[in-house]
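# Structure at a glance
Chain by chain, the residues run as shown.
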Amino acid sequence: MPRRLALALGTSLLLLAGCTGNAPYPESWIRSNTLFTTFQERPKYFDPISSYSTNETPWTYGVFEPLYQYHYLKRPYTLEPKTALDLPVPRYFAKDGSELAGDPPASEVAESLYVIHLKPGVMYAPHPAFARDAAGNYLYHSLTPDQLTGKYSPWDFEQTGTRELTAADYVYGIKRHASPWNATPARFYPVIAQFVVGLRDLGNKLREQQAAEDKANPRTERWQPWHDLRDAPFTGARAIDDHTLELRIVGKYPQTRYWLAMTFFAPVPWEAERFYAQRGMAEHSLSLNTWPVGTGPFMIESQRPNQNVMVRNPNYRGELYPCEGKPGDKEAGLLDDCGKRMPFVDRVVSTNEREREPGNTRFIQGYADVLDIDRSDRGFEFQRQMMEKSGQWETLRDHGVKLPSSFDPTVWYLGFNMLDPVVGDGSNPAQAERNRKLRLALSISTNWEEHASVFFDIYGDARTGMGPVPPGLFGYRDGEAGIDPHTHVWVNGAAQRRPLEDAKKLLAEAGYPNGIDTKTGRPLVLYYDSSGVGPGFQARLDWQVKQAARLGIQMEVRPTDYNRYQDRIRQGQVQIFWRGWNADYPDPENFLFLLYGPNGKVKHEGDNDTNYANPAFDRLFEQMSTMTDGPEKQAVIDRMVTLVRDDAAWMWGLWPASSGNYQTWVYNGFPTIINRNTLLYLRVDPALRARLVTEWNRPELWPLAVLALLLALLAWPAWAVFKRRENATGRQPAVDISALRG
């Protein structure tokens, strides 16, 4: 028995000695040219007309290609061609059709014309929508529901195909914004319909067509037939030829060049929409929203509830890594890959880690190359540990973790739903004024300076927000000229929050002295909606409740998952809510449009989540959006900011910093808010990763050795008793047969 026990324990020790810990991926993946990252919330939209959340960008910017992009390293942000051959240069025309020379004032411009030339040879990723037979007929454009049995991804179809990108694909993508037959909302339509010539007219005509069709043939099922938009009359964009796109803009709109770098203007091949519009596709989760089709460096290979995998697009032409950057980039090694063809990685594995701690553990073990690549705040927690020499700072130091920081245009704010009867606009002027004072009282009592200090690991070296325009953009004002006079005063060269007594006075004037509703005699209860769930977010929720309690107000938190949270905001079922916005393009319009009335969430499906509507602000916004940077534009922005401060449209919250987190074997990592296609630039050293992951996760064998010794000690007495019994049985006295006979 000792021999058998020793053999079993020895075998266990040998097996464990060969393990690399609790690896969440196959060993072959760890040793391959794969980038491992995480995400906290599942993406909801991949369709370019609908996707407008940060957590969706790793996939949308990996799959789709707008005409332009931002230089990865240069600051200020600089546009450069993506699928276009050159940068956009508008031509301006007056009302009589005559062309205007130079840079005319917006008041003289009736229309702007952009002629954009495309790079030849840009190919779509393989997809069954493009597959044809020998005669040129599409293989999968006339399927029946029975033929979809067992097919839940594009890769379940036997054949795939591809074709070259054309200017008509960009035209088709723009038209889709106006279509009423989209399965998901066209979130940017309310904004671009004001500027793209004829887009609103197209939307109205298509809706009239839809109403007529529904009246003639009332729908009895969810499915609806495909509507081909190729021949829909539209004057705002046209394909002059396969590689030349013409875009017409109402008036003069300088921000057009930035829009053309967003996935809203990504090309959409009609074949893909036709393919996914077939009966039965939606029931199999086959759509542009789940399996997008693009010309980008990656394509989605697989999707599971907790993991998405993208692989290199075999048809991708490749781009060259930049050779220029900002000061310090060369010394930081960010130019070492100058001129090399991208993307560098073959596969991107994204795993859902809803809580921060499991993600941090995965990172420390080496099983995540970068955490939450879509976020700009994941490095701060590690930075804090390094600064304070707390937590796992020694492990972070020894592992050579890279934690670069930057400051990009971003805002975190607390929004008030203006459709809410308590904190919103109110049903009459008197109620509107009382509600405004309630919002101002909350804005004063909520100590964002304290919040930034307590939650450094979330926001880094953040600044207290004073309005909707963050630092780094034209229109931002610093110093005394930049404070919100409703919440702060300027004392000894610094902004100082107004005393709590000012907030209590406003609260009483609003009809809630000490948090008691004078009409009912009951405590005022407000509802705070949040997408943060779990213990990692609870501290911030508790802090928010505490700020309201300083005024005697009871605040109830209603946490939910991110997708449900988005639905509640879309339906106007929120009262007070936490929201963030990262700049899509480097212009103040990208933040001020969050308060533009016609961009309201509930009424117009736009991105004005508070549903704030002030006609004076809207007129100024429309004026500002056509102006070039200069003193006149600054004056208009100042007036707009004054209006929203007076209305207390938001609690301005924080202007946070940005931070990246990269393992020592990850190269070219740099935090960036506006440039969203960062996966294109990252490079990994798989051999170094495999070696270090093995070292960092080598099992500790001494506990097993101790356990083996304890088992042996426990087994010894039992073995000794067994042997004594065995020996006693073997030595029984011999029976005297002769005596028995006698």
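A few points on the structure. (Residues numbered from 1 in each chain as written. Predicted model: local features only at pLDDT ≥ 70, side-chain atom pairs only at ≥ 80, totals over all residues. Heavy atoms only, no water.)

Moving on to the pairing of strand E8 (residues 244-250). Of all 7 residues that make up E8, 5 are buried, and the element is covered over most of its length. When strand E6 (residues 111-117) meets E8, the two strands line up antiparallel, connected through 7 bridges. Following the sheet pairing, His117 is matched in E8 by Thr244. By the bridge criterion, 4 bridges tie strand E7 (residues 237-241) to E8 in an arrangement that is antiparallel. Directly across from Arg238, in E8, lies its bridge partner Glu246. (Buried < 20%, exposed > 50% of the residue type's maximum accessible area, 1.4 Å probe, protein only. Helix = DSSP H or I, 4+ residues; strand = E, 2+ residues; numbered from the N terminus. Pairing = 2+ DSSP bridges.)

Once that is clear, we can look at the pairing of strand E22 (residues 650-655). The buried count for E22 comes to 6 of 6 residues, which makes it a mostly enclosed element. Two strands pair when backbone bridges link them, and strand E16 (residues 463-464) and E22 are joined in this way by 2 bridges, in the antiparallel orientation. Bridged to Arg463 within E22 is Trp655.

Structurally, the position occupied by Glu556 is in strand E20 (residues 554-559). By relative accessible area, Glu556 is classed as partly exposed at 40%. Between the C-alpha atoms of Glu556 and Leu526, which are 30 residues apart in sequence, the distance is 6.2 Å. Contacts of Glu556, omitting those with residues within four sequence positions, involve Val525, Leu526, Tyr527 and Tyr528. (Contact = heavy atoms within 4.5 Å.)

Here we take up unusual backbone geometry. Here the amide bond leading from Arg75 into Pro76 is cis, since omega sits at 0°, within 30 degrees of zero. Position of Pro76 relative to the elements: it lies in the loop between strand E2 (68-70) and strand E3 (79-81). Residue Pro343 is bonded to the preceding Met342 through a cis peptide linkage, with omega at 0°. Structurally, Pro343 can be placed in the loop between strand E12 (341-342) and strand E13 (347-352).

Another aspect to go through is the sheet that holds E22. Spatial ordering of the open sheet is given by E16-E22-E15-E21-E19-E20, a layout of 6 strands whose pairing is mixed. Lying at the two open borders of the sheet, with one neighbouring strand each, are E16 and E20. Across 7 bridges, the pairing between strand E15 (residues 410-416) and strand E21 (residues 576-582) is antiparallel. Opposite Phe416, over in E21, you have Ile576 as the bridge partner. Helix H17 (residues 562-570) contacts strand E19 (525-530), E20 and E21 of the sheet and is inclined by roughly 105° relative to E21. (Axes fitted to C-alpha atoms, helices over the stretch in contact; angles between N-to-C directions.)

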